[in-house]
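# Close look at the chain arrangement
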Amino acid sequence: MRILYRSDAPRAAAWARYFAEHAPDIDFRVWPDAGKLDEIEYLIAWQAPRELLAAMPRVKVLFSSGAGIDHVDFSAVPAHIPIVRMVEPGIINGMVEYVSLAVLALHRDFFDYVAAKAARTWNALEVPPASARTIGVMGMGVLGRAVLERLATYGFRLRGWNRSLRHMKGVESFAGAEQLQPFLEGCDVLICLLPLTPATKGILNRELFAALPSGAALINVGRGPHLVDTDLIDALDSGRLSRAILDVTDPEPLAPEHPFWTHPRVFLTPHVASMTQPETAAPILLENLRRHQRGEQLLGVVDRSRGY
Ligand code: NAP
(Lines give C-alpha, C1' and ligand atoms only; values in the text may rest on other atoms or scores of the structure.)
Protein backbone atom coordinates (compact mmCIF):
# COMPACT_ATOMS: atom_id res chain seq x y z
CA MET A 1 0.00 0.00 0.00
CA ARG A 2 1.46 3.37 -1.02
CA ILE A 3 0.46 6.59 0.71
CA LEU A 4 1.50 10.15 0.06
CA TYR A 5 1.36 12.73 2.86
CA ARG A 6 1.18 16.24 1.43
CA SER A 7 0.19 18.47 4.29
CA ASP A 8 1.56 20.38 7.25
CA ALA A 9 5.34 19.94 6.83
CA PRO A 10 6.43 20.48 10.47
CA ARG A 11 4.26 17.56 11.59
CA ALA A 12 5.14 15.23 8.70
CA ALA A 13 7.95 13.54 10.65
CA ALA A 14 5.56 12.51 13.43
CA TRP A 15 3.20 10.94 10.87
CA ALA A 16 6.05 9.10 9.16
CA ARG A 17 7.36 7.83 12.54
CA TYR A 18 3.96 6.47 13.48
CA PHE A 19 3.55 4.57 10.22
CA ALA A 20 7.14 3.23 10.33
CA GLU A 21 6.51 1.87 13.81
CA HIS A 22 2.92 0.63 13.54
CA ALA A 23 2.48 -0.21 9.86
CA PRO A 24 5.86 -1.13 8.36
CA ASP A 25 4.03 -2.87 5.50
CA ILE A 26 2.80 0.53 4.28
CA ASP A 27 4.99 2.61 1.99
CA PHE A 28 4.41 6.02 3.62
CA ARG A 29 5.88 8.85 1.54
CA VAL A 30 6.16 12.48 2.51
CA TRP A 31 5.91 15.28 -0.02
CA PRO A 32 8.08 16.32 -1.89
CA ASP A 33 9.77 12.87 -1.77
CA ALA A 34 6.78 11.31 -3.46
CA GLY A 35 8.58 8.94 -5.80
CA LYS A 36 6.50 7.90 -8.80
CA LEU A 37 3.15 9.63 -8.45
CA ASP A 38 1.33 7.00 -10.49
CA GLU A 39 2.09 4.47 -7.73
CA ILE A 40 0.23 6.41 -5.01
CA GLU A 41 -2.98 4.75 -3.79
CA TYR A 42 -3.97 7.00 -0.88
CA LEU A 43 -3.45 10.73 -0.53
CA ILE A 44 -3.43 12.66 2.76
CA ALA A 45 -3.60 16.34 1.94
CA TRP A 46 -4.99 19.71 2.94
CA GLN A 47 -5.54 20.60 -0.70
CA ALA A 48 -5.58 18.30 -3.69
CA PRO A 49 -5.08 20.32 -6.87
CA ARG A 50 -6.55 18.97 -10.08
CA GLU A 51 -3.12 18.52 -11.72
CA LEU A 52 -1.81 16.56 -8.76
CA LEU A 53 -4.76 14.17 -8.78
CA ALA A 54 -4.48 13.81 -12.55
CA ALA A 55 -0.88 12.63 -12.05
CA MET A 56 -2.07 9.99 -9.54
CA PRO A 57 -4.56 7.81 -11.43
CA ARG A 58 -4.40 5.03 -8.82
CA VAL A 59 -5.57 7.11 -5.87
CA LYS A 60 -8.45 5.31 -4.15
CA VAL A 61 -9.22 7.70 -1.27
CA LEU A 62 -8.49 11.34 -0.51
CA PHE A 63 -8.00 11.95 3.21
CA SER A 64 -8.27 15.61 4.18
CA SER A 65 -5.77 16.45 6.91
CA GLY A 66 -8.32 18.77 8.56
CA ALA A 67 -11.84 18.51 10.00
CA GLY A 68 -13.30 21.11 7.66
CA ILE A 69 -13.58 20.29 3.99
CA ASP A 70 -14.49 23.62 2.36
CA HIS A 71 -10.90 24.08 1.09
CA VAL A 72 -11.25 21.02 -1.17
CA ASP A 73 -12.44 21.61 -4.72
CA PHE A 74 -14.83 18.67 -5.05
CA SER A 75 -15.00 19.07 -8.83
CA ALA A 76 -11.25 18.31 -9.03
CA VAL A 77 -11.70 14.97 -7.28
CA PRO A 78 -13.03 12.22 -9.56
CA ALA A 79 -16.43 10.93 -8.38
CA HIS A 80 -15.17 7.41 -7.62
CA ILE A 81 -12.68 8.75 -5.02
CA PRO A 82 -14.26 9.14 -1.58
CA ILE A 83 -13.22 12.30 0.29
CA VAL A 84 -12.68 11.61 3.98
CA ARG A 85 -12.39 14.35 6.59
CA MET A 86 -10.35 14.17 9.76
CA VAL A 87 -12.33 13.24 12.85
CA GLU A 88 -9.85 12.59 15.62
CA PRO A 89 -9.60 13.21 19.39
CA GLY A 90 -6.82 15.81 19.07
CA ILE A 91 -9.01 18.12 16.99
CA ILE A 92 -11.98 17.59 19.28
CA ASN A 93 -10.01 18.25 22.48
CA GLY A 94 -8.39 21.36 21.02
CA MET A 95 -11.75 22.81 20.05
CA VAL A 96 -13.28 22.00 23.43
CA GLU A 97 -10.35 23.74 25.18
CA TYR A 98 -10.51 26.83 22.98
CA VAL A 99 -14.26 27.32 23.23
CA SER A 100 -14.29 26.66 26.99
CA LEU A 101 -11.55 29.25 27.41
CA ALA A 102 -13.43 31.77 25.27
CA VAL A 103 -16.78 31.22 27.01
CA LEU A 104 -15.24 31.38 30.49
CA ALA A 105 -13.23 34.50 29.61
CA LEU A 106 -16.48 36.18 28.53
CA HIS A 107 -18.45 34.85 31.48
CA ARG A 108 -15.81 36.03 33.99
CA ASP A 109 -15.22 39.41 32.26
CA PHE A 110 -11.53 38.76 31.58
CA PHE A 111 -11.48 41.15 28.61
CA ASP A 112 -12.88 43.94 30.81
CA TYR A 113 -10.18 43.28 33.39
CA VAL A 114 -7.46 43.47 30.73
CA ALA A 115 -8.74 46.96 29.89
CA ALA A 116 -9.16 47.83 33.58
CA LYS A 117 -5.59 46.84 34.35
CA ALA A 118 -4.28 48.99 31.49
CA ALA A 119 -6.22 51.91 33.03
CA ARG A 120 -5.05 50.98 36.58
CA THR A 121 -8.68 50.62 37.62
CA TRP A 122 -9.65 48.39 40.54
CA ASN A 123 -13.29 47.68 39.83
CA ALA A 124 -14.96 44.41 40.77
CA LEU A 125 -17.77 43.43 38.40
CA GLU A 126 -20.77 41.31 39.40
CA VAL A 127 -20.16 37.57 39.08
CA PRO A 128 -23.39 35.96 37.93
CA PRO A 129 -23.60 32.17 38.22
CA ALA A 130 -23.01 30.16 35.05
CA SER A 131 -26.65 29.08 35.24
CA ALA A 132 -27.63 32.71 34.54
CA ARG A 133 -26.09 32.59 31.06
CA THR A 134 -27.32 30.82 27.97
CA ILE A 135 -24.75 29.60 25.50
CA GLY A 136 -25.89 28.64 22.01
CA VAL A 137 -23.97 26.48 19.56
CA MET A 138 -24.68 26.59 15.81
CA GLY A 139 -23.79 23.21 14.34
CA MET A 140 -24.30 20.18 16.55
CA GLY A 141 -21.80 17.99 14.74
CA VAL A 142 -18.80 16.19 16.18
CA LEU A 143 -17.27 19.43 17.49
CA GLY A 144 -20.47 21.23 18.48
CA ARG A 145 -21.66 18.29 20.58
CA ALA A 146 -18.27 17.89 22.30
CA VAL A 147 -18.27 21.60 23.15
CA LEU A 148 -21.83 21.42 24.53
CA GLU A 149 -20.94 18.42 26.68
CA ARG A 150 -18.00 20.26 28.26
CA LEU A 151 -19.91 23.53 28.75
CA ALA A 152 -22.60 21.56 30.57
CA THR A 153 -20.07 20.71 33.29
CA TYR A 154 -19.81 24.43 34.21
CA GLY A 155 -23.56 24.75 34.65
CA PHE A 156 -24.40 27.07 31.73
CA ARG A 157 -27.84 26.92 30.17
CA LEU A 158 -27.34 25.41 26.73
CA ARG A 159 -28.97 25.55 23.32
CA GLY A 160 -28.03 23.99 20.03
CA TRP A 161 -29.13 24.73 16.49
CA ASN A 162 -28.65 22.25 13.67
CA ARG A 163 -29.83 21.39 10.16
CA SER A 164 -31.57 18.23 11.37
CA LEU A 165 -32.94 18.02 14.90
CA ARG A 166 -30.38 16.57 17.34
CA HIS A 167 -31.38 15.67 20.87
CA MET A 168 -28.84 16.06 23.67
CA LYS A 169 -29.45 15.75 27.37
CA GLY A 170 -29.51 19.17 29.02
CA VAL A 171 -29.53 21.04 25.71
CA GLU A 172 -32.52 22.82 24.22
CA SER A 173 -32.44 21.82 20.57
CA PHE A 174 -33.56 23.81 17.54
CA ALA A 175 -33.44 22.86 13.88
CA GLY A 176 -33.70 24.45 10.48
CA ALA A 177 -34.19 27.97 9.19
CA GLU A 178 -37.61 28.36 10.82
CA GLN A 179 -36.20 27.74 14.31
CA LEU A 180 -33.14 29.95 13.94
CA GLN A 181 -34.84 33.07 15.29
CA PRO A 182 -36.25 31.43 18.47
CA PHE A 183 -32.86 29.80 19.03
CA LEU A 184 -31.01 33.12 18.77
CA GLU A 185 -33.41 35.00 21.00
CA GLY A 186 -32.06 33.25 24.09
CA CYS A 187 -28.31 33.17 23.37
CA ASP A 188 -26.08 35.37 25.55
CA VAL A 189 -23.06 33.83 23.84
CA LEU A 190 -23.31 32.47 20.31
CA ILE A 191 -20.74 29.96 19.04
CA CYS A 192 -20.46 29.16 15.34
CA LEU A 193 -19.29 25.61 14.68
CA LEU A 194 -20.93 25.16 11.29
CA PRO A 195 -19.24 23.81 8.19
CA LEU A 196 -18.84 26.35 5.39
CA THR A 197 -21.39 25.60 2.65
CA PRO A 198 -23.49 27.75 0.32
CA ALA A 199 -26.24 27.56 2.98
CA THR A 200 -24.04 28.83 5.83
CA LYS A 201 -21.85 31.40 4.05
CA GLY A 202 -22.56 34.86 5.50
CA ILE A 203 -24.94 33.46 8.12
CA LEU A 204 -23.38 35.60 10.87
CA ASN A 205 -24.88 38.83 9.57
CA ARG A 206 -26.85 41.92 10.60
CA GLU A 207 -30.19 40.09 10.64
CA LEU A 208 -28.82 37.34 12.86
CA PHE A 209 -27.19 39.82 15.25
CA ALA A 210 -30.50 41.69 15.51
CA ALA A 211 -32.19 38.50 16.71
CA LEU A 212 -29.72 38.01 19.59
CA PRO A 213 -30.31 39.58 23.01
CA SER A 214 -28.77 43.03 23.20
CA GLY A 215 -25.16 42.78 24.42
CA ALA A 216 -24.65 39.15 23.35
CA ALA A 217 -21.16 37.95 22.41
CA LEU A 218 -20.02 35.99 19.37
CA ILE A 219 -17.40 33.26 19.12
CA ASN A 220 -16.60 32.22 15.53
CA VAL A 221 -14.55 29.06 15.30
CA GLY A 222 -16.23 27.86 12.08
CA ARG A 223 -14.83 29.60 9.01
CA GLY A 224 -14.14 33.25 8.19
CA PRO A 225 -16.74 33.48 5.38
CA HIS A 226 -19.52 32.59 7.84
CA LEU A 227 -19.19 36.17 9.06
CA VAL A 228 -20.11 39.43 7.34
CA ASP A 229 -17.30 41.56 8.77
CA THR A 230 -18.90 44.97 8.28
CA ASP A 231 -22.12 43.79 9.96
CA LEU A 232 -20.10 42.65 12.98
CA ILE A 233 -18.29 45.98 13.26
CA ASP A 234 -21.64 47.82 13.11
CA ALA A 235 -23.16 45.50 15.72
CA LEU A 236 -20.19 46.02 18.06
CA ASP A 237 -20.10 49.79 17.54
CA SER A 238 -23.83 50.15 18.18
CA GLY A 239 -23.62 48.01 21.34
CA ARG A 240 -25.94 45.34 19.92
CA LEU A 241 -23.09 42.90 20.44
CA SER A 242 -20.65 43.25 23.33
CA ARG A 243 -17.65 41.30 22.04
CA ALA A 244 -16.45 38.95 19.35
CA ILE A 245 -13.83 36.25 19.63
CA LEU A 246 -12.70 35.23 16.17
CA ASP A 247 -10.39 32.34 15.41
CA VAL A 248 -11.11 32.42 11.69
CA THR A 249 -11.17 35.27 9.19
CA ASP A 250 -11.63 35.86 5.48
CA PRO A 251 -9.05 35.84 4.07
CA GLU A 252 -6.41 34.23 6.27
CA PRO A 253 -4.12 35.82 7.18
CA LEU A 254 -6.23 38.90 7.75
CA ALA A 255 -5.13 41.97 5.76
CA PRO A 256 -2.97 44.35 7.86
CA GLU A 257 -5.40 47.25 7.38
CA HIS A 258 -8.48 45.25 8.44
CA PRO A 259 -10.43 46.99 11.26
CA PHE A 260 -10.57 43.78 13.35
CA TRP A 261 -6.90 44.24 14.28
CA THR A 262 -7.55 47.44 16.18
CA HIS A 263 -11.16 47.05 17.28
CA PRO A 264 -11.22 47.06 21.10
CA ARG A 265 -14.07 44.54 21.23
CA VAL A 266 -12.62 42.00 18.83
CA PHE A 267 -10.25 39.32 20.09
CA LEU A 268 -8.39 37.52 17.30
CA THR A 269 -6.43 34.29 17.07
CA PRO A 270 -4.82 32.98 13.86
CA HIS A 271 -6.92 29.85 13.19
CA VAL A 272 -5.49 27.87 16.07
CA ALA A 273 -8.62 26.73 17.91
CA SER A 274 -7.78 23.16 17.07
CA MET A 275 -5.33 21.32 14.88
CA THR A 276 -4.88 17.79 13.71
CA GLN A 277 -2.49 16.08 16.12
CA PRO A 278 -0.38 13.36 14.46
CA GLU A 279 -0.23 11.32 17.68
CA THR A 280 -4.00 10.90 17.78
CA ALA A 281 -4.81 11.31 14.07
CA ALA A 282 -2.37 8.74 12.65
CA PRO A 283 -3.96 5.75 14.48
CA ILE A 284 -7.42 6.85 13.26
CA LEU A 285 -6.16 7.18 9.70
CA LEU A 286 -4.44 3.81 9.87
CA GLU A 287 -7.67 2.21 11.09
CA ASN A 288 -9.50 3.80 8.15
CA LEU A 289 -6.89 2.45 5.71
CA ARG A 290 -7.29 -1.05 7.14
CA ARG A 291 -11.06 -0.72 6.84
CA HIS A 292 -10.68 0.21 3.20
CA GLN A 293 -8.40 -2.77 2.64
CA ARG A 294 -11.00 -5.06 4.23
CA GLY A 295 -13.74 -3.54 2.07
CA GLU A 296 -15.48 -1.97 5.10
CA GLN A 297 -17.21 1.40 5.34
CA LEU A 298 -14.78 4.31 5.85
CA LEU A 299 -15.30 6.67 8.79
CA GLY A 300 -15.75 10.38 8.09
CA VAL A 301 -16.73 10.20 4.43
CA VAL A 302 -17.89 13.58 3.14
CA ASP A 303 -21.31 13.81 1.53
CA ARG A 304 -20.49 15.74 -1.63
CA SER A 305 -24.09 16.77 -2.22
CA ARG A 306 -24.34 18.40 1.25
CA GLY A 307 -20.85 19.88 1.01
CA TYR A 308 -19.64 18.58 4.40
P1 NAP B 1 -19.65 17.93 11.39
O2 NAP B 1 -19.49 16.80 12.35
O3 NAP B 1 -19.76 17.63 9.93
O4 NAP B 1 -20.90 18.77 11.87
C5 NAP B 1 -21.46 19.81 11.15
C6 NAP B 1 -22.82 20.10 11.78
O7 NAP B 1 -23.35 21.29 11.20
C8 NAP B 1 -23.82 18.96 11.53
O9 NAP B 1 -24.44 18.64 12.75
C10 NAP B 1 -24.79 19.58 10.52
O11 NAP B 1 -26.14 19.15 10.64
C12 NAP B 1 -24.70 21.05 10.86
N13 NAP B 1 -25.07 21.86 9.68
C14 NAP B 1 -24.58 21.77 8.43
N15 NAP B 1 -25.18 22.66 7.62
C16 NAP B 1 -26.09 23.31 8.40
C17 NAP B 1 -27.03 24.33 8.15
N18 NAP B 1 -27.19 24.88 6.91
N19 NAP B 1 -27.81 24.76 9.16
C20 NAP B 1 -27.68 24.23 10.38
N21 NAP B 1 -26.81 23.24 10.70
C22 NAP B 1 -26.01 22.80 9.71
O23 NAP B 1 -18.43 18.98 11.53
P24 NAP B 1 -17.48 19.23 12.80
O25 NAP B 1 -16.40 18.21 12.85
O26 NAP B 1 -18.32 19.43 14.00
O27 NAP B 1 -16.80 20.60 12.35
C28 NAP B 1 -17.57 21.77 12.16
C29 NAP B 1 -16.72 22.87 11.54
O30 NAP B 1 -15.79 23.38 12.47
C31 NAP B 1 -15.84 22.43 10.36
O32 NAP B 1 -16.57 22.32 9.17
C33 NAP B 1 -14.85 23.57 10.30
O34 NAP B 1 -15.37 24.61 9.49
C35 NAP B 1 -14.78 24.06 11.75
N36 NAP B 1 -13.46 23.78 12.36
C37 NAP B 1 -12.71 24.83 12.78
C38 NAP B 1 -11.48 24.60 13.36
C39 NAP B 1 -10.64 25.74 13.88
O40 NAP B 1 -9.49 25.51 14.27
N41 NAP B 1 -11.16 26.93 13.94
C42 NAP B 1 -11.00 23.28 13.52
C43 NAP B 1 -11.80 22.23 13.08
C44 NAP B 1 -13.04 22.48 12.50
P45 NAP B 1 -26.65 17.63 10.35
O46 NAP B 1 -26.48 16.91 11.65
O47 NAP B 1 -28.08 17.78 9.96
O48 NAP B 1 -25.79 17.10 9.24
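Quick summary incoming for the structure in this document. (Residues numbered from 1 in each chain as written. Predicted model: local features only at pLDDT ≥ 70, side-chain atom pairs only at ≥ 80, totals over all residues. Heavy atoms only, no water.)

Turning next to the side chain of Ser274. On the secondary structure map, Ser274 appears in the loop between strand 12 (266–268) and helix 9 (278–293). When neighbours within four sequence positions are excluded, Ser274 is seen to be in contact with Ile91, Gly94 and Met95. (Helix = DSSP H or I, 4+ residues; strand = E, 2+ residues; numbered from the N terminus. Contact = heavy atoms within 4.5 Å.)

Next up on the list: the sheet that holds strand 4 (residues 61–64). The sheet built from five strands is open, its strands ordered 2-1-3-4-5 with parallel pairing. A single partner strand is all that each edge strand has here, and the edge strands are strand 2 (27–30) and strand 5 (83–84). Strand direction decides the pairing type here: strand 4 and strand 5, joined by two bridges, are parallel. Directly across from Phe63, in strand 5, lies its bridge partner Val84. Its contacts with the sheet put helix 1 (residues 12–22) on strand 1 (2–6), strand 2 and strand 3 (42–45), and the angle it makes with strand 2 is roughly 170°. Together, strand 1, strand 3, strand 4 and strand 5 form the strand contacts of helix 9, whose direction differs from that of strand 4 by roughly 165°. (Pairing = 2+ DSSP bridges. Axes fitted to C-alpha atoms, helices over the stretch in contact; angles between N-to-C directions.)

Because each turn of an α-helix spans 3.6 residues, side chains separated by three or four positions end up pointing in the same direction. Taking 1.5 Å of rise per residue, the 16 residues of helix 9 would be expected to cover 22 Å, and the 22 Å separating its terminal C-alpha atoms lies within 8% of that figure. Among the residues making up helix 9, those that are buried are Pro278, Ala281, Ala282, Leu285, Leu286, Asn288, Leu289 and Arg291. Residue Gly295 follows helix 9 closely and has a positive phi angle near 80°. (Expected span 1.5 Å × (residues − 1). Buried < 20%, exposed > 50% of the residue type's maximum accessible area, 1.4 Å probe, protein only.)

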